[in-house]
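Single-letter residue listing:
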Amino acid sequence: MKLEEYRGLVEALLPAVLAAGRIEMSHFKSGVEVETKADRTPVTVADQEAEKVLIEALRQVAPGIPVIAEEEVAAGRVPETGSTFFLVDPLDGTRAFISGSPEFTVNIGLVVDHRPVFGIIYAPASSELFATLTPHEAFEAHIKPDDSNATLASCSLTRLATREPDRAALVAFASRSHAAQNTDEFLQQLPITEKKRASSSLKFCLIARGEADLYARLGRTSEWDTAAGQAILNAAGGCVTTLDGEPLSYGKSAEGYANPHFIAWGREPLLSVPQ
């Protein structure tokens, strides 16, 4: 399969994404033991089991393309990458998952030449699937985790499109579990009239859907947290930039794949002066 054939890539990966969702929902309903990784972030059996399913699927669908996956990295298993590689966060929003919130997601992103060009995000608790179809088209669909025979042809696809911002009354998303004073101070530069909170990569998807104008994150994230969401938002008409206005880039192996602070915009950046 050619990686640039995004629809085919979604179809090929959909069974594994749904399987990961079923794994997570089984633990979500029954409860799960929590461990703490070396970086002091939580991890569950659901993270680990879902990641194995996704990595195996990627090896079958795109053999030879390196996969940078969150729990593999935490275990010290980091493959060498070239210009093209996948980023996997099997359970984004682990804190939400542990607390009983349904706002957790399965994320797969494809990076080519430092840019995220393809993404799938699945929220199994709400049966919401978001993905790219082309570099300039993203969609959402409702597929239940137990619908293992689902295909794109069997689903109703709704095109995602960001909204034109009201420059005098912006709506911003903020992380539900990572509220930070420096983020609030940063947002004071903009005419924010409403702040919404959500967990995981859903914030990118909801901006892509047109529910808000931006999401600023002045805190720690990794490339697997953002690649799929950035690809989807880009395809829906938005962009993701660092605080100095440069596109958020990928493949920063020397930094452990850590992201700098960034802003996800529904359309073009609204800060004209570098911060």
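Our structure's up above, just so we're on the same page.
Computed from a predicted model, the values in this text were never measured in an experiment. (Residues numbered from 1 in each chain as written. Predicted model: local features only at pLDDT ≥ 70, side-chain atom pairs only at ≥ 80, totals over all residues. Heavy atoms only, no water.)

Draft legend 1. The arrangement of helix H2 (residues 45-61) in detail. Taking 1.5 Å as the rise per residue, H2 with 17 residues should run 24 Å; its terminal C-alpha atoms sit 25 Å apart, in good agreement. N-cap assignment for H2: the residue whose side-chain oxygen lies 3.2 Å from the backbone N of Ala46 is Thr44. (Helix = DSSP H or I, 4+ residues; strand = E, 2+ residues; numbered from the N terminus. Expected span 1.5 Å × (residues − 1). Polar contact = N/O pair within 3.5 Å; in protein donor to acceptor, adjacent residues only side chain to side chain.)

Draft legend 2. Expanded view of the sheet that holds strand S7 (residues 128-134). Read from one edge of the open sheet, 7 strands run S3-S4-S5-S6-S7-S8-S9, paired in mixed fashion. Two strands close off the open sheet at either side, each with one partner strand: strand S3 (67-69) and strand S9 (158-159). Taken together, the 2 bridges between strand S8 (residues 137-142) and S9 define a ladder with antiparallel strand orientation. Residue Glu140 lies in a different strand from S9, and its bridge partner there is Thr158. (Pairing = 2+ DSSP bridges.)

Draft legend 3. Expanded view of the state of the cysteines. Here the structure, examined in full by the defined rule, presents 0 disulfides. The structure places no disulfide on Cys155, whose sulfur is separated from the nearest cysteine sulfur, that of Cys205, by 16 Å. Not engaged in a disulfide, the cysteine Cys205 finds its nearest cysteine sulfur in Cys239; these two sulfurs lie 16 Å apart. (Disulfide = S-S within 2.5 Å.)

Draft legend 4. Inspection of empty space enclosed by the protein at higher detail. Tallied over the entire structure, the rule returns 2 cavities of 30 Å³ or more. Of the voids in this model, the second largest cavity is the one considered here, and its volume is about 30 Å³. Lining the second largest cavity are Arg163, Pro165, Asp213, Trp265, Gly266, Arg267, Glu268 and Leu270. Class assignment of the residues belonging to the lining of the second largest cavity gives a composition of 3 nonpolar, 1 polar and 4 charged. (1 Å grid on protein atoms, 1.4 Å probe; cavity = no way out; pocket = protein on both sides within 12 Å on 5 of 7 lines; lining within 4 Å. Points joined across faces, edges and corners; volume = space filled by probe spheres on them. Nonpolar A, V, L, I, M, F, W, Y, C, P; charged D, E, K, R; others polar.)

Draft legend 5. Spotlight on the nonpolar core. Ranked by size, the top nonpolar core spans 37 residues in total, and within it Leu13, Phe86 and Phe118 carry the most contacts. Elements supplying a minimum of two residues to this core: helix H1 (6-30), H2, S3, strand S4 (84-92), strand S5 (105-112), strand S6 (115-123), S7 and S8. With 9 residues, the single largest contributor to this core is H1. Sequence-distant contacts of Phe86, defined by excluding residues within four places in its chain, comprise Leu3, Leu9, Leu58, Ala62, Ile65, Pro66, Val67, Ile68, Ile108, Gly109 and Leu110. Formed by 33 residues, the second largest nonpolar core is a distinct cluster that contains Leu206, Ala227, Tyr250 and Tyr257. (Core = buried A, V, L, I, M, F, W, Y, C linked by side-chain atoms within 4.5 Å. Buried < 20%, exposed > 50% of the residue type's maximum accessible area, 1.4 Å probe, protein only. Contact = heavy atoms within 4.5 Å.)

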